[in-house]
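# Residue-level structural notes
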Amino acid sequence: QVQLVESGGGLVQAGGSLRLSCAASGRTFSSYAMGWFRQAPGKEREFVAAISWSGGSTYYADSVKGRFTISRDNAKNTVYLQMNSLKPEDTAVYYCAAVHGSSWYADYWGQGTQVTVSS
């Protein structure tokens, strides 16, 4: 069982930066790949980024590649999403998840944190 709690969301101007954190409980955190997803109003939840259990491999949606960076600290049971050069279209609720498989199937979800980017 893994419980996930996101933090770090907020309101930022276009071009600004935010860093999201996802704190996990449970001794199995380090065995999971972790992902970030987002859901904008009226849209389906979409994949943003993922990181392997070791942190050695990372994956990004084309829409965020070069602007967002996913990382993890297994000693702190935490995964991060550094978001730079934010755009209004990045506005969404951001969720972290413990995932597996090539399609990033989520076994556990956090409750989400709101990110709003003003133009």
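All of the points below concern the structure found in this document. None of these values were measured; they are calculated from a predicted model.

Conventions and cut-offs
Residues numbered from 1 in each chain as written. Predicted model: local features only at pLDDT ≥ 70, side-chain atom pairs only at ≥ 80, totals over all residues. Heavy atoms only, no water. Helix = DSSP H or I, 4+ residues; strand = E, 2+ residues; numbered from the N terminus. Buried < 20%, exposed > 50% of the residue type's maximum accessible area, 1.4 Å probe, protein only. Polar contact = N/O pair within 3.5 Å; in protein donor to acceptor, adjacent residues only side chain to side chain. Contact = heavy atoms within 4.5 Å. Pairing = 2+ DSSP bridges. Axes fitted to C-alpha atoms, helices over the stretch in contact; angles between N-to-C directions. Phe/Tyr/Trp six-rings, centres within 6.5 Å; stacked < 30°, edge-to-face > 60°. Lys NZ or Arg CZ within 6 Å of the ring centre and 35° of its normal.

Below, the discussion takes up the side chain of Arg67. Mapped onto the elements, Arg67 comes out in the loop between β6 (58–60) and β7 (68–73). You can call Arg67 buried: its relative accessible area is 11%. Side-chain polar atoms of Arg67 contact the backbone oxygen of Ser63, separated by 2.9 Å. Residues within four places of Arg67 in sequence aside, it is in contact with Gln82, Met83, Asn84, Ser85, Leu86, Lys87 and Asp90.

Okay, the sheet that holds strand β8 (residues 78–83) next. If you trace the four strands from one edge of the open sheet to the other, you get β1-β3-β8-β7, paired in antiparallel fashion. With partners counted over all chains shown, the strands left at the sheet margins are β1 (3–7) and β7, one partner each. Strand-to-strand, the axes of this sheet are offset by a mean angle of 15°, without reference to chain direction.

Aromatic ring pairs are reported here in terms of the distance separating the ring centres and the angle at which the planes meet. The final tally for this structure, using the stated rule, is six aromatic pairs. Taking the centre distance of 5.0 Å and the plane angle of 65° together, the rings of Phe37 and Trp109 count as edge-to-face. In this pair, Phe37 sits in strand β4 (residues 33–39) while Trp109 sits in strand β10 (residues 105–109), placing the two residues 72 residues apart along the sequence. For the ring pair Tyr59 and Trp104, a centre distance of 5.0 Å and an interplane angle of 50° mean the geometry is tilted. Separated by 45 residues along the polypeptide, Tyr59 in strand β6 and Trp104 in the loop between β9 (92–100) and β10 bring together distant segments of the chain. It is Arg19 that lies over the ring of Tyr80; its NZ or CZ is 4.0 Å from the centre. A cation sits over an aromatic face here: Arg72 above Phe29, 4.6 Å from the ring centre.

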